[in-house]
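Commentary on secondary and tertiary structure
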Amino acid sequence: TPPGTDKDAHLQKLAEFVHEGAKTFLYQEYKWLSVFVVLMCAALAVIFSIADMRDDGSQGYVIIALIVGAIESGLAGYIGMYIATKANIRTTHACRTGLGKGLSVAFKSGAVMGLSVCGLALLGLSIFTVAYKDLNDPWNYIAGFGFGASSIALFARVGGGVYTKAADVGADLVGKVESELNEDDPRNSAVIADNVGDNVGDVAGMGADLFESYAGSIIAACTLTFQSIRNPATAQLVFEGHLDASYYYAAMALPFWIAGAGIVASIIGIFCIRTGNDPVEKKVDSAAVVDQNAAMKKRKEDSLKQLENLLWISRRGIMIAALALIVFAAIICIVLFAGAGDFWGRILGCIILGLVAGEGIGMWTEYCTSYSSFPTQSIAKKSSTGPATVLIQGLGVGMISCVIPVIILVVIIVACDALAGIYGISLAAVGMLSTLGVTLAMDAFGPVADNAGGLAEMAHCEEHVRE
């Protein structure tokens, strides 16, 4: 999809402002993060030299893994940001044709973010697993990979998040409140900062954050298994007698197989997220509508119906990816643990429970934040009595929204512990994040579409394009 036509010089100029702004922010952020990583490596080297009486240079292996983890985490976020800021204008242009084309462009750009995170994390861990296999305790050193990813995720997520919220509120205050302008009005220069914030916070920051979670889940499961290989007492705690020692290496390989199968399943789910190319604009039958209020009501009903349809399309892709993973996981578990009794069924159950937990938390979050659902509508209704009641209702909804995810996690942890011990809990985490490729694509798709709408407003594109 091209970035507009020859007549879209203004649109392309606006998109370039957003792209350069996001690159500049990440350049400054990563510059200072590099200093932080170097200082952290120096501090760890001093701590290891004091704490470790063996002068074999083994602390260097942790530092190498830490540096590579930090680089890959930052790279994953940068790739997502770069593609998102190139895809926003292409999404705007594609929406001139219709909804299906626009959805396809925006979602494919989000898929780049999702698959970059999964691919880079799995690649880095695979390389270190092979490179460190002859060391005495390799997973103690590979844990540095997750530590490095965490160091970037902490600042990228929080730093980018603070920037995007500050820019968003600032743009609304100066535009909507002080000057009574519409959302993304081109006369409000703060809109550019707002659009930049979407990319550095909700794309780059989120990608770095989930990179750490994805890598950490695999590291945790493999570390538990390796310690079980070395110590029978630890094995009894980790597996609770469900698995013979001859299968421990298969148990260490399983998280990698599940993660790889999850990437394939995510690609299948990504291809299933598509819709028709019907024009976005809706025509209202003048004979059926007798006044302006009725027209607005019908327009709102059409928008809600279209929103629900699009949400179902996204759910369909995620569900198909989850079902594909379950099939792949069943085959992998049967092959790796043939002859180990019912253990393959136990760990498959843990993987499925992890997937269900992830889907359940996602669906509940969607319910609490969708404008077609009761929680959000209840906040909107409170606006009739002033801003104070809106704040009170919003805080209440926000607090209540945390209850169901906590309950889901507790139930899944207890169930997986009963099925396969602590190892089962770690596999549930791997299963929950295994289809990250498609779920993160859904998250990254949002800022791209939001940017596209902003560009359409600022460049005075046709009304149906922003819709």
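In this report, we go over the structure that sits alongside the text. (Residues numbered from 1 in each chain as written. Predicted model: local features only at pLDDT ≥ 70, side-chain atom pairs only at ≥ 80, totals over all residues. Heavy atoms only, no water.)

**With respect to helix α13 (residues 436-458)**
The terminal C-alpha atoms of α13, which comprises 23 residues, lie 33 Å apart, in line with the 33 Å expected from a rise of 1.5 Å per residue. After α13 finishes, the residue His 460 shows a positive phi value of roughly 60 degrees. (Helix = DSSP H or I, 4+ residues; strand = E, 2+ residues; numbered from the N terminus. Expected span 1.5 Å × (residues − 1).)

**What about unusual backbone geometry?**
One non-glycine residue, His 460, lies in positive phi territory at about 60 degrees. Within the secondary structure, His 460 is located in the loop between α13 and α14 (463-466). Given a relative accessible area of 62%, His 460 falls into the exposed group. (Buried < 20%, exposed > 50% of the residue type's maximum accessible area, 1.4 Å probe, protein only.)

**A few points about the environment of Ala 253**
Inspection of the secondary structure puts Ala 253 in helix α7 (residues 248-271). Distance in space between the C-alpha atoms of Ala 253 and Leu 336 is 8.8 Å, their sequence separation being 83 residues.

**Some points on the pattern of salt bridges**
Tallied over the full model, the rule gives nine salt bridges. Between Arg 230 and Asp 137 there is a salt bridge, and its shortest N-O distance comes to 3.1 Å. Here the residue Arg 230 occupies a position in helix α5 (residues 190-230), and Asp 137 occupies one in the loop between α3 (99-131) and α4 (138-178), the gap between them amounting to 93 residues. What makes Arg 230 partly exposed here is its relative accessible area of 42%. Assessed through its relative accessible area of 9%, Asp 137 is described here as buried. Salt-bridge contacts for Arg 346 lead to Asp 342; the nearest nitrogen and oxygen are separated by 3.4 Å. A relative accessible area of 21% places Arg 346 in the partly exposed class. Classification of Asp 342 as partly exposed rests on a relative accessible area of 48%. (Salt bridge = Lys/Arg side-chain N within 4 Å of Asp/Glu carboxyl O.)

**Re the packing of helix α9 (residues 343-369) against helix α10 (residues 374-381)**
The interhelical angle for the contact between α9 and α10, taken along N-to-C directions, is 25 degrees, at an axis separation of 5 Å. Relative to α10, α9 is oriented roughly parallel. Taking contact as the criterion, the partners of Tyr 367, Cys 368 and Thr 369 in α9 are, on α10, Phe 374, Pro 375 and Thr 376. Partitioned by chemical class, the residues of the contact of α9 with α10 number four nonpolar, two polar and no charged. (Axes fitted to C-alpha atoms, helices over the stretch in contact; angles between N-to-C directions. Parallel < 35°, antiparallel > 145°, perpendicular 65-115°, else oblique. Contact = heavy atoms within 4.5 Å. Nonpolar A, V, L, I, M, F, W, Y, C, P; charged D, E, K, R; others polar.)

**Concerning α7**
Over its 24 residues, α7 runs 36 Å from end to end, which matches the ideal 34 Å to within 8%, given 1.5 Å per residue. Along α7, the sharpest kink reaches roughly 30 degrees, centred on Leu 254 and followed within four residues by the proline Pro 255. (Bend = angle between axes of the 7 residues up to and from the residue.)

**Observations concerning the packing of helix α6 (residues 232-239) against helix α12 (residues 403-434)**
Interhelical geometry of α6 versus α12 gives an angle of 115 degrees and a closest axis separation of 6 Å. Contacts between α6 and α12 involve Leu 237, Val 238 and Phe 239 on the former and, on the latter, Ala 420, Gly 421, Ile 422 and Tyr 423.

**Some details on a nonpolar patch on the surface**
Taken together, the side chains of Ile 400, Val 403, Ile 404, Ile 407 and Val 411 make up a nonpolar region of the molecular surface, amounting to roughly 420 Å² of accessible area. Counting residues per element, the nonpolar patch draws most heavily on α12, at four residues. Checked against the element boundaries, Val 403 lands in helix α12. When its relative accessible area of 42% is taken as the criterion, Val 403 is described as partly exposed. (Patch = residues over 30% accessible without salt bridge, like charges linked within 9 Å, V, L, I, M, F, W, Y side chains within 5 Å. Areas by Shrake-Rupley, 256 points an atom, 1.4 Å probe, with all protein chains shown as cover.)

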